[in-house]
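# Coordinate inspection notes
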Amino acid sequence: MITTPRLDSRSFTAFGGSRCSIHAVATPLDDVSACVAEVYAFEARLTRFRPDSELSRFNAAAGARVAVSPLLEELLRTCLDAHALTGGLVNAAVLPSLLAAGYDRSIEKLRRDATTARATVATGPAPALPDVLDVGDGWARLAPGCAVDLGGVGKGWLADRLAERLDNAAVNLGGDVAVQGDGPEGGGWTVGLCDRWAVALRSGGVATSGTTARRWATGHHLIDPRSGRPSQTDVLEASVVAADAATAEALGKAAILLGTCDAPRWLAEHGAAHWSLRSDGDRELRSGPA
Amino acid sequence: MRRMARRLGASHMRIAGAVGGVVACVGAGAAVAASPKPGGAPLTPPVDTAVAVDRSTPTPRASPTPCPVNVPGAAQTPVDPSLVPVLQQLRAATTAAARQAILRGLTADQRQQVTALMRRAPAAPAPAAACGGAQPEPMIQPDVVSAAPSTAPITNSYVS
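The structure contained in this document is the topic of the report that follows.

### Things to note about the overall build of chain A
What chain A contains, in helices and strands, is eight helices and 17 strands. Relative to the globule expectation of 19 Å for 290 residues, the C-alpha radius of gyration of chain A, 19 Å, shows essentially globular dimensions. Along the first, second and third principal axes, the C-alpha atoms of chain A reach 55 × 45 × 40 Å. The buried share among the 290 residues of chain A stands at 57%. Pairs at least 24 apart in sequence give 63% of the contacts found in chain A among residues at least 6 apart.

### Focus on the nonpolar core
Residue and element names in this part refer to chain A. C79, V171, V240 and A255 are the most contacted members of the largest nonpolar core, which has 97 residues in total. The dominant element in this core, judged by the number of residues it contributes, is helix 8 (residues 245–269), at twelve residues. Excluding anything up to four places from it in sequence, V171 contacts I22, A159, L162, A163, V177 and A178.

### A look at the environment of A:R165
When you line up the elements, A:R165 lands in helix 7 (residues 151–166). Remark: the alpha-carbon pair of A:R165 and A:Q180, spanning 15 residues in sequence, is separated by 8.9 Å. Residues within four places of A:R165 in sequence aside, it is in contact with B:A96 and B:Q100.

### Topic: the environment of B:R119
All names here are of chain B. For R119, the position within the fold is in the loop between helix 5 (108–118) and strand 1 (143–145). R119 gets classed as partly exposed once you count the C-beta atoms within 10 Å, which come to 15. On a C-alpha basis, the gap between R119 and D80 in space is 16 Å, while along the polypeptide they are 39 residues apart.

### Remarks on the pairing of strand 9 (residues 198–201) of chain A
Residues and elements named next belong to chain A. Sheet topology note: the strand 8 (residues 189–192)/strand 9 ladder contains four bridges and is antiparallel. Pairing of G192 across the sheet is with A198, part of strand 9. Counting the residues in the hairpin turn of strand 8 and strand 9 gives five residues, including R196, whose phi is positive at 70°.

### Quick word on the packing of helix 1 (residues 29–46) of chain A against helix 7 of chain A
All names here are of chain A. For the pair helix 1 and helix 7, the least separation of the axes is 11 Å and the interaxial angle reads 160°. Taken together, the axis directions place helix 1 and helix 7 in an arrangement best described as roughly antiparallel. Viewed along their axes, helix 1 and helix 7 form a crossing whose handedness is right-handed. Mapping the contact onto sequence places D31, C35, E38, V39, F42 and L46 in helix 1 and G154, L158, L162 and L166 in helix 7. The residue inventory of the contact of helix 1 with helix 7, partitioned by class, reads seven nonpolar, one polar and two charged.

Rules behind the numbers
- Residues numbered from 1 in each chain as written.
- Chains lettered and ligands numbered in written order.
- Predicted model: local features only at pLDDT ≥ 70, side-chain atom pairs only at ≥ 80, totals over all residues.
- Helix = DSSP H or I, 4+ residues; strand = E, 2+ residues; numbered from the N terminus.
- Rg over C-alpha atoms; globule rule 2.2 N^0.38 Å.
- Buried ≥ 20, exposed ≤ 12 C-beta atoms within 10 Å, placed from the backbone.
- Contact = placed C-beta atoms within 7 Å.
- Core = buried A, V, L, I, M, F, W, Y, C linked by C-beta atoms within 7 Å.
- Pairing = 2+ DSSP bridges.
- Axes fitted to C-alpha atoms, helices over the stretch in contact; angles between N-to-C directions.
- Parallel < 35°, antiparallel > 145°, perpendicular 65-115°, else oblique.
- Left-handed = near helix turned anticlockwise from the far one by under 90°.
- Nonpolar A, V, L, I, M, F, W, Y, C, P; charged D, E, K, R; others polar.

What follows is the structure, given as structure tokens:
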């Protein structure tokens, strides 16, 4: 078995063209390759852009109680946790609004087919996720007419699991970063934030949310569940450091929706260890805890 | 109490518990039978049809999601039988290297399913505070450093 002498970095593309990387110290190369394979297996099972994925079949069966794999069950529970943590600001049930906003195909196709992108259609506020999603042991049920998108919470969850497994690694899945271990130099893993600063961590997660990517002619992907429309916010990007990447992802998304006035206090109250908010074209940067 | 339980043994304790339960139920039943029904009390609780639940507005939820209730006899997850021994081995493994060695024999999809199953609480009920997930995670202490060239980050978090 070949083991990396010091630091092995593997870059690849997944989740609709997002840049991903796995950095590991003293880890068998096969284990790193196995993690990359898992990212692709995860995407194939849970993408909403393939009608035969488990997530698509689950959404299509809305109204019925259906058997779900342990993985989908776990992720649906994680979505419920994110909803509870953020007071409903992170809501996987915004998928109908996301489709109505025009995000009805992969982002690469959407950018390529800019002329055929649909204009935003108002759907109204999204229903609270716990009101429309029941999850049990091996089964789940969506209310009729509802659909869920696992979004960044799923990426964060997977980054957390892979980093845990590799023991001394940083796993970056489209900007959702989970780290575990002392890093290549012993001082932790350094992760860059949206304000060009960095944090060094031995355990935890970093995620950056924002409206600067996944944009198309008529909107962007960050739906505000209170309105059911692409968010109107003065925060362009928010990087959040938290105990794990899934939590950081949820907190970052909520910070964007809350805006620069409310986000700092809210983040401090909800377990964020550090954050950077970028607003108004780099002219204003806020980081905390203050 | 714990010493007494050890002396008596589990079967004695079960019998004592059952007897205690019967006594408590009989007592509660007698108390209910003795209490007078309030005059004019309806047989079924009234339903206020004027109060409509508006589900179109997201409800701010300050409280965590309710903990799942273990219902005896409820359907359990149909776990792939081939993964059962793997789960047992993983639960017994004490090091990351040992866990990795077990996972190497699985396909990528099987590793995902096993990882998800491992996240579930084992048979023993978890303490109430451990469920829900809405509590803020314990604070970690990141070391914030400048991203100058000498301390270039190994990886960057970005909007994707």
